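# Tertiary structure, described
What follows is each chain in one-letter form.
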Protein chains: 2
Amino acid sequence: MKKAFIFVLFIAIAMPSGYIPAYGKKYAAEVRDGAVSVSSPHGTVKLCFNVINGIPYYSMSFKNRQALKQSRLGLELKKGTGLMDGFSIAEADTSSFYGVWKPVWGEEDSIVNNYRELAVKLEQKKADRFMIIRFRVYDDGMGLRYEFPLQKDLNYFIIKEEHTQFAMPGDLTACWIPGDYDTEEYEFTKSKLSEIRKLFKSNVTPNMSQTTFSETGVQTPLQLETDDGLYMNIHEAALVDYSGMNLNLNDRDFVFETWLTPDALGDKGYMQAPCHSPWRTVIVADDARDILASRLILNLNEPCKLKDVSWIHPVKYMGVWWEMITGKSTWSYTNDFPSVKLGVTDYANAKPNGTHGANNTNVRRYVDFAADNGFDEVLVEGWNEGWEDWAGNSKDYVFDFVTPYPDFDLAGLNSYAHSRGIKLMMHNETSSSARNYERHIDTAYKLMKRFGYDAVKSGYVGDIIPRGEHHYGQWMVNHYLYCVKKAADYRIMVNAHEAVHPTGLCRTYPNLIGNESARGTEYEAFGGNNPDHTTYLPFTRLQGGPMDYTPGIFCMKISSFNPQNTSWVRSTLARQLALYVTMYSPLQMAADFPEHYEKYMDAFQFIKDVAVDWRKSIYLEAEPGDYITAAREARGTNNWFVGSTVDENGHLSHLNLDFLDPGKKYVCTIYADSRDAHYEKNPESYVIIKGVVTKNTKLNIKSAPGGGFAISLIEASGEKDLDGLKKIGNTSRIINYVKK
Amino acid sequence: MKKAFIFVLFIAIAMPSGYIPAYGKKYAAEVRDGAVSVSSPHGTVKLCFNVINGIPYYSMSFKNRQALKQSRLGLELKKGTGLMDGFSIAEADTSSFYGVWKPVWGEEDSIVNNYRELAVKLEQKKADRFMIIRFRVYDDGMGLRYEFPLQKDLNYFIIKEEHTQFAMPGDLTACWIPGDYDTEEYEFTKSKLSEIRKLFKSNVTPNMSQTTFSETGVQTPLQLETDDGLYMNIHEAALVDYSGMNLNLNDRDFVFETWLTPDALGDKGYMQAPCHSPWRTVIVADDARDILASRLILNLNEPCKLKDVSWIHPVKYMGVWWEMITGKSTWSYTNDFPSVKLGVTDYANAKPNGTHGANNTNVRRYVDFAADNGFDEVLVEGWNEGWEDWAGNSKDYVFDFVTPYPDFDLAGLNSYAHSRGIKLMMHNETSSSARNYERHIDTAYKLMKRFGYDAVKSGYVGDIIPRGEHHYGQWMVNHYLYCVKKAADYRIMVNAHEAVHPTGLCRTYPNLIGNESARGTEYEAFGGNNPDHTTYLPFTRLQGGPMDYTPGIFCMKISSFNPQNTSWVRSTLARQLALYVTMYSPLQMAADFPEHYEKYMDAFQFIKDVAVDWRKSIYLEAEPGDYITAAREARGTNNWFVGSTVDENGHLSHLNLDFLDPGKKYVCTIYADSRDAHYEKNPESYVIIKGVVTKNTKLNIKSAPGGGFAISLIEASGEKDLDGLKKIGNTSRIINYVKK
């Protein structure tokens, strides 16, 4: 049966801000056998859409290889007729878009946004209503979303479940963590899809708040690979006023389907037209490095909505934090009370426990070290009243975010820090009591402005209040963005921990400079992260936005300073340096203690030198679960930094420095694992090799098991900079296999 | 088995503010057969407490008649051992208290608080913890509460259910409404306890938000009566950070038990020690009038916590309200949109629907009439954007509380009103979207201060957001008080509709000048209230605090001005006047339209004259469901006002004016039903009789079916005031059976 489609070809409208050139391009969509097809600008990705027996489907290919089999689309509603079937195509509009935009901070200083678009208007005649499914097809994947225009009979509706499918072309290999409504702090597992079910339970490690829903449930970004080397990555972009997405796998047919986070009533979304879902994204490539280089998710987010971004800046910081995480000191001030009440508990006359980390002397010590070494800010956790019983009690009024402990001189410490060129970084742990945080957020932010803070780390540990809500439900998704917008009103940058997975919203609200939403370095003190953990994160968690991973641990054996804690860090010291490059973030912490850095100031030099904002990023080698090597050029300089992180098997890298400028010489400093380094047996053993390199240099560098390396490449401004340095590289020799 | 009790006798500490004289009085508690007894100051009420097989019980008698049989006490917890059994008495402290306090506004200008107290410390040895049950025994009843002091093993706990029993001494007669977590807007039914189950369903009339839980569930204040004339009233006092209480009846044994409102997870209270439950109260009397005169619930609340109360004042007001309620006009401004989004919907260019009530011309009309007749304020509903789709959509961002419709000149109308000596009264309908209200409450209240509003009517129509929460759960109880305290910070008075039943908190926060929490006059436009409705309310709803009942309807047939609405008001006009006296509130509305009052300006005179704040109140006659006649002396004058409301049978009142000052003469104006008046057939027929009376005067006044009367008694300052007036009363003649 043939249908008459109305194709409306139109010119894409240039985006109002951020774009340099922008033009639209007409093209004709292919129509064959009742299906609508659209190909990416250079034809690598092809998207097919059709309606069969009233049900919408799509499929996708990459360079003529099947990436997604025929996959169903639709939404189930709580009441009345769903949006699952009974559809016919009323209209199919096609357009194309090319634009370049400049992120406020990022891995590049400009990003190309080039796609072809197909918007299909689907009519559901029995219910007298319609919706639009919009596809944007890029050379490295596609995004699709549901749109619900204002209309007579679809104004308010409640989503019971979204049933967007991603039908795999076989039993792929996935890098996955268990699906959960409340935490993403799980280890990654690389397995066949068919193995997920049997591996599921053992992967659900304990967390302060967690809610799994299916033994084949997994989270996004989900990194996938076919046996013949096709890489795919499924996630969502621009998650606004909608529930966060997990995926559930039908492991008979290898079909993933969206599984939204429910609210306290089990409902999955309260919608009011006109509105739309977030984008459902699939990045596809035949080289794993192209997954890391994809900007598809950022491109599918709205341009920056902040008028003035002059106050937003990358931040390199230290913090009174690792000592509490490792149990060396405490967030709490006193052990006098089995529970405390803000405004009632008399802290002034309480007996200090002697372990409180956020005390005046200790904070000054961090400020001094940070100032001496060129940092921007110092985070202080545990500075405010309430930490004695903050976690695990479902306590509503848990913090007021403004009242310091007696031994934390709020005014004095800020004033001291400022005198040393350092800002303190605010910490607002909410204990997941969202109502309480919203009640205090204005006074909290006003306090920050009064004392000169410009960045806040917020936290959502434990079960959500309102009780029954989840970290990734619509309620909390709304809350997180509320806080980011409110912070922008106060010119405050936000780094939210335990929040929903990022979906590229930092493009729209670039004051969202960081998130956690995965197992960070803190888990190295809670039993350890797998040695390959950081080879997964850029393929998964980081697809949505930067992570405050807090690298830079130099002392791996935690029992050496806290005998109670037998955890040890599963990384060599050299790899800790590499993470500043491989784990892109405009917010980078040097997480260890000043006294630990003082033992290795030669290695610490890399942390001092490394940039946090980039003109260009190149992925030199990458394989999820094995290794990642990235090179980045610092904004505003011609200097480059290279980092490599590898799994428990170690790795030999053959680096070609041909990304460097021709005709220039660079002072190259390599921070690498020593020959006998090993993440467990000898983690703090490294070598530093300094020499001169050019774009013709080739370097062979061996990373130890659980190791890695970091390189700084500083442009020589003249021969003086090269005094006493020799050319290095360009032999088959492994450059770091020298005696220490 | 005998136990050794430690009796600690101590002097009650005088309350810091509001009290005139206050002293404590030692007395010895009676101990007999392992039970502890305490009698009220004058011995009328006796309370017995004992522990049998580890379970705590209490019972109560009034003038040696059994009021409550042995009734169990205890709480079931969500986790671990409950607080139901395994108890032994560790300590029993007794004390007494006498004090007099002065309410900011009220039925009296001073209130005696005189009780004997028994605090029993109950040890639960198996769990190594304890709680205190505190009883306060008054001559007109008792209050008891559970207290949880700070201790090692009872810091945080979750209440699964509170099991406080009220064991009835038989199959009593109750004035009840269906138990519900979300609404109290039901008609009262007077029936035997044994009849509740079969009457239940037919009493559950539809509401925008309602959740019943048991076919023998009822709400408090619950008015009860034994066959031999013992009256009891069960309620709660000082409901703070706890779930609102319903009662469930075991109708085999006639035992009521507390049934708390659950949260979204089904939990009934999140507690952190030190803390306590609200008071569970039982007022008892052998004359129904003494139930109305009881101040037990106010006395069990904490003294005023506001330092400055100079800005709090009683309010007599009119409003642009009844015309929307009756359907004559609309809250909404336009019919252009099937749904609206604040900040997106273009109201400026929308087509006005022509029925919007809150327009400049109409508001000025109300302001003028209110100013001409001595009112304080004019409420305007529907002034702000968002009313097009505000109800029934579970819409989160439903109002911003600050953006007026195009035809409401916020600045101009306030300025005009002020020029006429009138304040506008703010309206903040939340549509039960509590998060949204809290997010905007500061800007909303700041707007009020900027434009000179000092009172807000707030509303909670529809299901609560956070979804799954209920109007009477701990979450919302916390919210309502949050708003009242926040309002106090801005010196704003609050009148919250659809909120939890009041529990005397207006003593502690006297800026809470009104609540709805029952079927108000609005239901006269939604099908009508039963003619006896207002003979129940003072015995039930009003026990917890004043109600914004909005009386004063002069035009009973709604179809006369809105043909679409066939409702009619079940009341005579004379009774509408009476309600200003029988329904005590510091906030009194004249709810009808100016043009309706203009038809009956002689009757309207009473509304102009009647006071809204009182030195003294006397209940002349009362029987729940039949009639109530009250007399009140206005503060700051020697004038008295009398009101009487009666049921569908009519009533003949024999009034003795001996409450008047000896030796004084009063100008008495009686507004009574005419001989042929009838709430259905002839509701607007009344007579006005004016004459001179003294304390020796007796008046016989007949109220029509569904009728009533009002009397003003103005002290004559000299003979001139009495010019042309005759003595009236003191014959067996019915004074209002005259020709009109």
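All values reported here derive from a predicted model rather than from experimental measurement.

Let us look at the interface of chain A and chain B. Across the boundary between the two partners, chain A contributes 34 residues, which contact 34 residues of chain B. Where chain A abuts chain B, roughly 3,000 Å² becomes buried across the two surfaces, and 54% of that area is made up of carbon and sulfur atoms. In terms of surface lost to chain B, no three residues of chain A exceed Arg439(A), Arg467(A) and Trp475(A), which account for 23% of the buried area on that side. Across the chain A-chain B interface, the total number found is two salt bridges.

Residue and element names in this part refer to chain A. Overall, antiparallel pairing links the three strands, which are arranged E8-E13-E22 in an open sheet. Unpaired on one side and paired on the other, strand E8 (75-77) and strand E22 (270-272) mark the two borders of the sheet. Averaged over all adjacent pairs, the angle separating strand axes in this sheet is 50°, with direction ignored. Where strand E13 (residues 156-162) and E22 come together, three bridges link them in antiparallel fashion. Counted as the bridge partner of Phe157 is Met271 from E22.

What follows concerns the environment of Glu623(A). Residue and element names in this part refer to chain A. In this fold, Glu623 is placed in strand E32 (residues 614-623). Expressed as a C-alpha distance, the spacing of Glu623 and Ala288, which sit 335 residues apart in the sequence, is 6.0 Å. Beyond its immediate sequence surroundings of up to four residues, Glu623 is in contact with Lys190, Glu225, Tyr231, Ala288 and Phe539.

In this fold, Ser96(A) is placed in strand E9 (residues 87-101). Remark: the alpha-carbon pair of Ser96(A) and Ser40(A), spanning 56 residues in sequence, is separated by 9.2 Å.

This part is about the relation of the copies chain A and chain B. Note on the identical chains: chain A maps onto chain B by a rotation of 180° and an axial translation of 0.0 Å, with an RMSD of 0.0 Å. Considering both components of the superposition, the chain copies are consistent with a two-fold axis. The rotation axis passes nearest to the C-alpha of Ala264(A) in chain A, at a distance of 3.0 Å. A shared interface surface links the copies, since 100% of the contact residues of chain A are contact residues in chain B too.

On to the sheet that holds strand E28 (residues 455-459) of chain B, then. Residue and element names in this part refer to chain B. Pairing in this open sheet of seven strands is parallel, and the strands run E30-E29-E28-E27-E26-E25-E31 from one edge to the other. Bordering the open sheet on either side are strand E30 (512-515) and strand E31 (587-589), each of which pairs with just one other strand. Along the sheet, successive strands turn relative to each other by an average axial angle of 30°, direction set aside. Of the strand pairs in this sheet, strand E25 (residues 315-320) and E31 are connected by three bridges, and their pairing is parallel. Note that in E31 the partner of Lys316 across the bridge is Gln588.

Turning next to the packing of helix H7 (residues 434-451) of chain A against helix H7 (residues 434-451) of chain B. Contact geometry of H7(A) with H7(B) gives a least axis separation of 8 Å together with a crossing angle of 40°. Here H7(A) and H7(B) pass one another in a crossing that is right-handed. Two secondary-structure elements touch here, H7(A) through Arg435(A), Glu438(A), Arg439(A) and Lys446(A) and H7(B) through Arg435(B), Glu438(B), Arg439(B) and Lys446(B). Looking at the contact of H7(A) with H7(B) residue by residue, the class counts come to no nonpolar, no polar and eight charged.

A word on the side chain of Glu438(A). Along the chain, Glu438(A) turns up in helix H7. Taking the relative accessible area as the measure of exposure, Glu438(A) reaches 11% and is therefore buried. At a separation of 2.7 Å, a polar atom in the side chain of Glu438(A) contacts the side chain of Arg439(B). Residues within four places of Glu438(A) in sequence aside, it is in contact with His479(A), Tyr482(A), Arg435(B) and Arg439(B).

Low pLDDT marks regions whose predicted coordinates should not be analysed in detail. All names here are of chain A. The pLDDT averaged across chain A works out to 94; a share of 95% of its residues lies at or above 70. Note that pLDDT drops below 50 for residues 1-28; the model gives that stretch 64 contacts with residues more than four away or on any other chain. Taken over the whole predicted complex, pTM reads 0.95, whereas the ipTM for its chain interfaces reads 0.93.

Residues and elements named next belong to chain A. For Phe148, the position within the fold is in strand E12 (residues 141-148). Each C-alpha atom of the pair Phe148 and Ser277 lies 8.6 Å from the other, and the pair is 129 residues apart in sequence. Not counting residues within four places of it along the chain, the set of residues in contact with Phe148 comprises Leu75, Leu83, Met131, Leu154, Phe157, Met271, Ala273, Pro274, Cys275, His276 and Ser277.

Analysis parameters
Residues numbered from 1 in each chain as written. Chains lettered and ligands numbered in written order. Predicted model: local features only at pLDDT ≥ 70, side-chain atom pairs only at ≥ 80, totals over all residues. Heavy atoms only, no water. Contact = heavy atoms within 4.5 Å. Buried area = accessible area lost by both parts, 1.4 Å probe. Salt bridge = Lys/Arg side-chain N within 4 Å of Asp/Glu carboxyl O. Pairing = 2+ DSSP bridges. Helix = DSSP H or I, 4+ residues; strand = E, 2+ residues; numbered from the N terminus. Axes fitted to C-alpha atoms, helices over the stretch in contact; angles between N-to-C directions. Least-squares fit on C-alpha atoms with pLDDT ≥ 70 in both. Left-handed = near helix turned anticlockwise from the far one by under 90°. Nonpolar A, V, L, I, M, F, W, Y, C, P; charged D, E, K, R; others polar. Buried < 20%, exposed > 50% of the residue type's maximum accessible area, 1.4 Å probe, protein only. Polar contact = N/O pair within 3.5 Å; in protein donor to acceptor, adjacent residues only side chain to side chain. pLDDT = per-residue confidence, 0-100.

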